[in-house]
Amino acid sequence: MPQFENPPATVDVPASRVTRIVSVDAPVATVWRCLVEPELLARWLGDIAAFPDGVVPDALGRFAWTGEVVLAARIREVEPESRFSFEWAEGILSGRASTVEMTLRQVDGGTQLHLVESGFPLEGDDATRREALRSLAAGWTVELDELVDLAESLAP
(Lines give C-alpha, C1' and ligand atoms only; values in the text may rest on other atoms or scores of the structure.)
Protein backbone atom coordinates (compact mmCIF):
# COMPACT_ATOMS: atom_id res chain seq x y z
CA MET A 1 0.00 0.00 0.00
CA PRO A 2 1.40 3.43 -0.94
CA GLN A 3 2.63 5.64 1.86
CA PHE A 4 0.95 8.74 0.39
CA GLU A 5 -2.57 9.44 -0.84
CA ASN A 6 -2.43 11.94 -3.68
CA PRO A 7 -5.26 14.32 -4.62
CA PRO A 8 -6.32 14.68 -8.27
CA ALA A 9 -5.11 17.47 -10.56
CA THR A 10 -6.87 20.83 -10.28
CA VAL A 11 -7.75 23.50 -12.83
CA ASP A 12 -7.48 27.29 -12.88
CA VAL A 13 -9.76 28.43 -15.70
CA PRO A 14 -8.79 32.15 -15.82
CA ALA A 15 -5.09 31.21 -15.99
CA SER A 16 -5.70 28.22 -18.32
CA ARG A 17 -3.59 26.05 -16.02
CA VAL A 18 -3.65 22.48 -14.66
CA THR A 19 -1.76 21.72 -11.44
CA ARG A 20 -1.05 18.56 -9.51
CA ILE A 21 1.18 17.85 -6.55
CA VAL A 22 1.98 14.24 -5.77
CA SER A 23 4.10 12.59 -3.13
CA VAL A 24 6.12 9.56 -4.13
CA ASP A 25 7.51 6.94 -1.77
CA ALA A 26 10.85 6.91 -3.64
CA PRO A 27 14.06 8.96 -3.61
CA VAL A 28 14.34 12.08 -5.78
CA ALA A 29 16.96 10.31 -7.95
CA THR A 30 14.49 7.53 -8.81
CA VAL A 31 11.66 9.94 -9.67
CA TRP A 32 14.11 12.00 -11.75
CA ARG A 33 15.03 8.93 -13.79
CA CYS A 34 11.32 8.44 -14.59
CA LEU A 35 11.20 12.00 -15.97
CA VAL A 36 14.33 12.04 -18.13
CA GLU A 37 15.03 8.48 -19.29
CA PRO A 38 12.88 8.04 -22.42
CA GLU A 39 12.29 4.31 -21.84
CA LEU A 40 10.94 5.06 -18.34
CA LEU A 41 9.11 8.19 -19.47
CA ALA A 42 7.22 6.09 -22.03
CA ARG A 43 6.12 3.70 -19.28
CA TRP A 44 4.01 6.38 -17.58
CA LEU A 45 3.47 9.22 -20.09
CA GLY A 46 1.97 7.82 -23.26
CA ASP A 47 3.28 4.73 -24.99
CA ILE A 48 6.18 6.37 -26.81
CA ALA A 49 8.62 9.03 -25.63
CA ALA A 50 11.18 9.52 -28.40
CA PHE A 51 14.01 12.03 -28.05
CA PRO A 52 16.75 11.08 -30.57
CA ASP A 53 19.19 13.70 -29.20
CA GLY A 54 18.46 12.83 -25.58
CA VAL A 55 16.47 14.68 -22.95
CA VAL A 56 18.51 17.89 -22.98
CA PRO A 57 17.51 21.56 -23.42
CA ASP A 58 16.20 22.34 -26.93
CA ALA A 59 16.02 18.65 -27.91
CA LEU A 60 13.05 17.82 -30.11
CA GLY A 61 10.99 14.69 -29.72
CA ARG A 62 7.50 13.32 -29.47
CA PHE A 63 5.08 11.61 -27.17
CA ALA A 64 2.48 9.25 -28.56
CA TRP A 65 -0.45 7.26 -27.28
CA THR A 66 -1.02 4.19 -29.47
CA GLY A 67 -4.00 4.71 -31.75
CA GLU A 68 -4.66 8.16 -30.33
CA VAL A 69 -2.61 11.35 -30.40
CA VAL A 70 0.98 12.28 -31.25
CA LEU A 71 2.43 15.34 -29.54
CA ALA A 72 5.54 17.09 -30.83
CA ALA A 73 7.75 18.21 -27.95
CA ARG A 74 10.75 20.43 -27.21
CA ILE A 75 12.70 20.15 -23.97
CA ARG A 76 13.00 23.55 -22.31
CA GLU A 77 14.76 23.05 -18.97
CA VAL A 78 16.66 20.22 -17.34
CA GLU A 79 17.99 20.96 -13.85
CA PRO A 80 19.13 17.55 -12.57
CA GLU A 81 16.95 16.12 -9.80
CA SER A 82 15.17 19.47 -9.47
CA ARG A 83 13.30 20.83 -12.50
CA PHE A 84 12.20 19.50 -15.88
CA SER A 85 10.06 21.31 -18.44
CA PHE A 86 8.97 20.88 -22.01
CA GLU A 87 6.49 22.33 -24.45
CA TRP A 88 4.24 20.18 -26.57
CA ALA A 89 1.45 20.41 -29.09
CA GLU A 90 -0.56 18.03 -31.22
CA GLY A 91 1.08 17.43 -34.59
CA ILE A 92 3.74 20.17 -34.76
CA LEU A 93 5.08 22.75 -32.33
CA SER A 94 3.49 26.12 -32.91
CA GLY A 95 1.92 29.00 -31.03
CA ARG A 96 -0.60 26.44 -29.80
CA ALA A 97 1.94 24.61 -27.64
CA SER A 98 1.47 24.38 -23.89
CA THR A 99 4.26 24.12 -21.33
CA VAL A 100 4.64 21.35 -18.77
CA GLU A 101 6.84 22.10 -15.76
CA MET A 102 7.75 19.53 -13.13
CA THR A 103 9.63 20.41 -9.97
CA LEU A 104 10.97 17.85 -7.51
CA ARG A 105 11.87 18.23 -3.89
CA GLN A 106 12.82 15.81 -1.17
CA VAL A 107 10.27 15.40 1.62
CA ASP A 108 10.21 13.12 4.62
CA GLY A 109 9.83 9.61 3.30
CA GLY A 110 10.20 10.42 -0.38
CA THR A 111 9.76 12.99 -3.11
CA GLN A 112 7.20 15.66 -3.87
CA LEU A 113 6.52 16.37 -7.55
CA HIS A 114 4.74 19.60 -8.47
CA LEU A 115 3.37 19.66 -12.02
CA VAL A 116 1.97 22.70 -13.81
CA GLU A 117 0.77 22.68 -17.41
CA SER A 118 -0.05 26.13 -18.74
CA GLY A 119 -0.33 28.17 -21.89
CA PHE A 120 -3.29 26.34 -23.38
CA PRO A 121 -4.70 28.22 -26.37
CA LEU A 122 -8.27 27.50 -25.25
CA GLU A 123 -11.20 29.01 -27.07
CA GLY A 124 -14.87 29.38 -26.23
CA ASP A 125 -16.77 30.49 -23.17
CA ASP A 126 -15.77 29.73 -19.57
CA ALA A 127 -17.84 26.52 -19.47
CA THR A 128 -16.15 25.18 -22.63
CA ARG A 129 -12.69 26.14 -21.35
CA ARG A 130 -13.44 24.64 -17.92
CA GLU A 131 -14.50 21.33 -19.51
CA ALA A 132 -11.34 21.20 -21.67
CA LEU A 133 -9.16 21.88 -18.61
CA ARG A 134 -11.02 19.27 -16.55
CA SER A 135 -10.32 16.72 -19.28
CA LEU A 136 -6.62 17.62 -19.20
CA ALA A 137 -6.61 17.45 -15.39
CA ALA A 138 -8.16 13.98 -15.52
CA GLY A 139 -5.38 12.94 -17.90
CA TRP A 140 -2.67 14.25 -15.58
CA THR A 141 -4.30 12.50 -12.64
CA VAL A 142 -4.03 9.16 -14.47
CA GLU A 143 -0.54 9.79 -15.87
CA LEU A 144 0.97 10.95 -12.58
CA ASP A 145 -0.61 8.02 -10.73
CA GLU A 146 1.26 5.83 -13.24
CA LEU A 147 4.47 7.77 -12.53
CA VAL A 148 4.04 7.25 -8.77
CA ASP A 149 3.49 3.51 -9.27
CA LEU A 150 6.51 3.22 -11.57
CA ALA A 151 8.88 5.20 -9.33
CA GLU A 152 7.79 3.30 -6.24
CA SER A 153 8.32 -0.02 -8.05
CA LEU A 154 11.88 1.07 -8.97
CA ALA A 155 12.76 2.44 -5.53
CA PRO A 156 15.50 0.58 -3.64
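Calculation criteria
Residues numbered from 1 in each chain as written. Predicted model: local features only at pLDDT ≥ 70, side-chain atom pairs only at ≥ 80, totals over all residues. Heavy atoms only, no water. Phe/Tyr/Trp six-rings, centres within 6.5 Å; stacked < 30°, edge-to-face > 60°. Helix = DSSP H or I, 4+ residues; strand = E, 2+ residues; numbered from the N terminus. Buried < 20%, exposed > 50% of the residue type's maximum accessible area, 1.4 Å probe, protein only. Pairing = 2+ DSSP bridges. Axes fitted to C-alpha atoms, helices over the stretch in contact; angles between N-to-C directions. Parallel < 35°, antiparallel > 145°, perpendicular 65-115°, else oblique. Left-handed = near helix turned anticlockwise from the far one by under 90°. Contact = heavy atoms within 4.5 Å. Core = buried A, V, L, I, M, F, W, Y, C linked by side-chain atoms within 4.5 Å. UniProt positions renumbered as here; feature names shortened; annotations may be inferred.

Considering all chains together, one arrives at eight aromatic pairs under this definition. A ring pair is formed by Phe-63 and Trp-88, whose centres lie 5.3 Å apart and whose planes are at 85°; its orientation type is edge-to-face. Within this pair, whereas Phe-63 is found in strand E4 (residues 60-64), its partner Trp-88 is found in strand E6 (residues 83-90), the two being separated by 25 residues in sequence. For the residue pair Phe-63 and Trp-88, the accessibility class agrees, reading buried in each case. Look at Phe-86 and Trp-88: their rings are 5.1 Å apart centre to centre, the planes differ by 80°, and that puts the pair in the edge-to-face class. Both residues of the pair, Phe-86 and Trp-88, count as buried. One aromatic cluster in this structure is built from Trp-32, Phe-51, Phe-63, Trp-65, Phe-84, Phe-86, Trp-88 and Trp-140.

Ordered by their spatial adjacency, eight strands build an open sheet running E1-E2-E8-E7-E6-E5-E4-E3, and the pairing between neighbours is antiparallel. Every interior strand has two partners, whereas the edge strands, strand E1 (10-12) and strand E3 (48-50), have only one. Looking at each pair of strands side by side, their axes are set apart by 20° on average, direction ignored. Strand direction decides the pairing type here: E6 and strand E7 (residues 98-107), joined by six bridges, are antiparallel. Paired with Glu-87 across the strands is Thr-99, a residue of E7.

This brings us to the packing of helix H1 (residues 28-36) against helix H3 (residues 126-154). Helix-helix packing is described using two parameters, namely the angle between the two axes and the distance between the axes. Where H1 contacts H3, the axes come no closer than 9 Å and their chain directions differ by 125°. For the element pair H1 / H3, the angle class is oblique. For the element pair H1 and H3, the recorded crossing hand is right-handed. Packed against H1, whose contacting residues are Thr-30, Val-31, Cys-34 and Leu-35, the element H3 presents Leu-147, Leu-150, Ala-151 and Leu-154 at the interface.

Time to look at the nonpolar core. Residues Leu-35, Trp-44, Phe-63, Trp-88, Leu-113 and Trp-140 are the most contacted members of the largest nonpolar core, which totals 43 residues. Only strand E2 (17-24), H1, helix H2 (38-44), strand E5 (70-79), E6, E7, strand E8 (110-118) and H3 provide two or more residues apiece to this core. Sequence-distant contacts of Trp-88, that is, excluding residues within four places in its chain, are made with Leu-45, Phe-63, Trp-65, Leu-71, Ala-72, Ala-73, Leu-93, Ala-97, Ser-98, Val-100, Glu-117 and Trp-140.

This part takes up the UniProt feature "domain: Activator of Hsp90 ATPase homologue 1/2-like C-terminal" (unreviewed entry) in the protein chain. Annotation from UniProt places "domain: Activator of Hsp90 ATPase homologue 1/2-like C-terminal" (unreviewed entry) at residues 25-151. For residues 25-151, the helix share is 33%, the strand share is 35%, and the end-to-end C-alpha distance is 8 Å.

Here we come to the environment of Thr-128. Note that Thr-128 resides in helix H3. Take Thr-128: its relative accessible area is 44%, and that puts it in the partly exposed class. For the pair Thr-128 and Ala-29, spaced 99 residues apart in sequence, the C-alpha separation works out to 39 Å.

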